[in-house]
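# Structural overview
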Amino acid sequence: MLSKKIEEALNKQVTIEAESSQVYLAMASWAENLGFEGVSQFMYAHSDEEREHMLKLIKFINERGGHAKVSQLAAPPTEFGSFKDMFQTLFDHEVMVSKSINDLVDISLQEKDYATHNFLQWYVSEQIEEEALARNILDKINLIGDDKSGFYLFDNDIKQLIVNPEPPQI
Ligand code: OFO
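First, a word on scope: everything that follows refers to the structure included in this document. Owing to the predicted nature of the structure, the values given are computational and were not obtained by experimental measurement.

## Regarding the overall build of the protein chain
Tallying secondary structure elements over the protein chain gives five helices and zero strands in all. The N-to-C order of helical and strand elements in the protein chain reads α-α-α-α-α. Against the 2.2 N^0.38 benchmark of 15 Å for 170 residues, the protein chain shows a C-alpha radius of gyration of 17 Å, consistent with a compact globule. In terms of principal-axis extent, the alpha carbons of the protein chain reach across some 55 × 25 × 25 Å. For the protein chain, the proportion of its 170 residues judged to be buried stands at 45%. Contacts in the protein chain between residues far apart in sequence, at least 24 positions, make up 81% of those at least 6 positions apart. Entry remark: accessible area of the protein chain is about 9,300 Å², with carbon and sulfur atoms responsible for 53%. Separation of charge centres in the protein chain, based on 15 positive and 29 negative side chains, amounts to 7 Å.

So, in structure tokens, the structure goes:
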């Protein structure tokens, strides 16, 4: 059975994952409008992944006797400046998510909820991968600089980076 404190903290994370999905969906649409097919595919896939993260949390909360809440979400931006700005935003967002997961891990230890602690380890590993991926993309963008043909190749290359993981066990 989840304590009220853990239930609330997990529900807060449900909202964060849902908002992440919305932010990446907005990025996908922005890139698609500019004609960058690879980047938009990457962002659509990323948005789907965040929804999976949210669903996994919802199932866990309900399974453990809590009530997973679906709440109102903040509207994401509609413009993202340049690709560099957009991927920087993505990276910063993932760092924020990692911090939030770490805080949750802390709370699970304080509450001596080892089942939740164990459940959260999947998210801890996932965040390491997501931050590394975002850093890797930012490095590539920095190498390209202002080279237009470089961006064309990048848009093609990023298709290889689409993580199409096995859907997480829900
Ligand atoms: Fe990209 O963050 Fe979910 O967990």
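Here the narrative resumes.
## Considering the environment of Asp 113
Of note, Asp 113 is situated in the loop between helix H3 (83-110) and helix H4 (114-144). Sequence spacing of Asp 113 and Asn 102 is 11 residues, and the spatial spacing of their C-alpha atoms is 15 Å. When near neighbours in sequence (up to four residues on either side) are disregarded, Asp 113 contacts Leu 2, Ile 6, Arg 64 and Ser 108. Of note is the side chain of Asp 113, whose polar atom sits 3.4 Å from the backbone nitrogen of Ala 115.

## Let's talk about the nonpolar core
Formed by 25 residues in total, the largest nonpolar core has its most connected members in Phe 83, Met 86, Phe 87 and Phe 154. Going through the elements one at a time, helix H1 (4-33), helix H2 (37-63), H3, H4 and helix H5 (148-157) are the ones with two or more residues in this core. Among the elements that make up this core, the one with the highest residue count is H1 (seven residues). Setting aside chain neighbours within four positions, we find Met 86 in contact with Met 27, Trp 30, Val 39, Met 43 and Phe 80.

## Considering the packing of H2 against H3
Each pair of packed helices gets described by two things: the angle between the helix axes and the distance between those axes. Packing of H2 against H3 brings their axes to within 13 Å, and their N-to-C directions diverge by 15°. Accordingly, the angle class assigned to the pair H2 and H3 is roughly parallel. Every pair of crossing elements has a handedness; the one defined by H2 and H3 is left-handed. Counted together, Val 39, Phe 42, Met 43, His 46 and Glu 50 of H2 and Phe 83, Met 86, Phe 87, Leu 90 and Glu 94 of H3 form the full contact between these two elements. The residue inventory of the contact of H2 with H3, partitioned by class, reads seven nonpolar, one polar and two charged.

## Digging into the environment of Gly 150
In this structure, Gly 150 sits in helix H5. A sequence separation of 10 residues divides Gly 150 from Lys 140, and the C-alpha atoms of the two residues are 9.7 Å apart.

## Examining the pattern of salt bridges
The tally for this structure, following the rule as stated, stands at four salt bridges. Between Lys 4 and Glu 7 there is a salt bridge; the shortest N-O distance is 3.0 Å. Taken together, the residues Lys 4 and Glu 7, both in helix H1 and three residues apart, mark about one turn of the helix. The exposure class assigned to Lys 4 is exposed, which follows from its relative accessible area of 58%. In this structure, Arg 135 engages Glu 131 in a salt bridge whose closest nitrogen and oxygen atoms are separated by 3.6 Å. Taken together, the positions of Arg 135 and Glu 131, both in helix H4 and four residues apart, correspond to about one turn of that helix. Given a relative accessible area of 42%, Arg 135 falls into the partly exposed group.

Calculation criteria
- Residues numbered from 1 in each chain as written.
- Predicted model: local features only at pLDDT ≥ 70, side-chain atom pairs only at ≥ 80, totals over all residues.
- Heavy atoms only, no water.
- Helix = DSSP H or I, 4+ residues; strand = E, 2+ residues; numbered from the N terminus.
- Rg over C-alpha atoms; globule rule 2.2 N^0.38 Å.
- Buried < 20%, exposed > 50% of the residue type's maximum accessible area, 1.4 Å probe, protein only.
- Contact = heavy atoms within 4.5 Å.
- Areas by Shrake-Rupley, 256 points an atom, 1.4 Å probe, with all protein chains shown as cover.
- Lys, Arg positive; Asp, Glu negative; His and termini not counted.
- Charge placed at Lys NZ, Arg CZ, Asp CG, Glu CD.
- Polar contact = N/O pair within 3.5 Å; in protein donor to acceptor, adjacent residues only side chain to side chain.
- Core = buried A, V, L, I, M, F, W, Y, C linked by side-chain atoms within 4.5 Å.
- Axes fitted to C-alpha atoms, helices over the stretch in contact; angles between N-to-C directions.
- Parallel < 35°, antiparallel > 145°, perpendicular 65-115°, else oblique.
- Left-handed = near helix turned anticlockwise from the far one by under 90°.
- Nonpolar A, V, L, I, M, F, W, Y, C, P; charged D, E, K, R; others polar.
- Salt bridge = Lys/Arg side-chain N within 4 Å of Asp/Glu carboxyl O.

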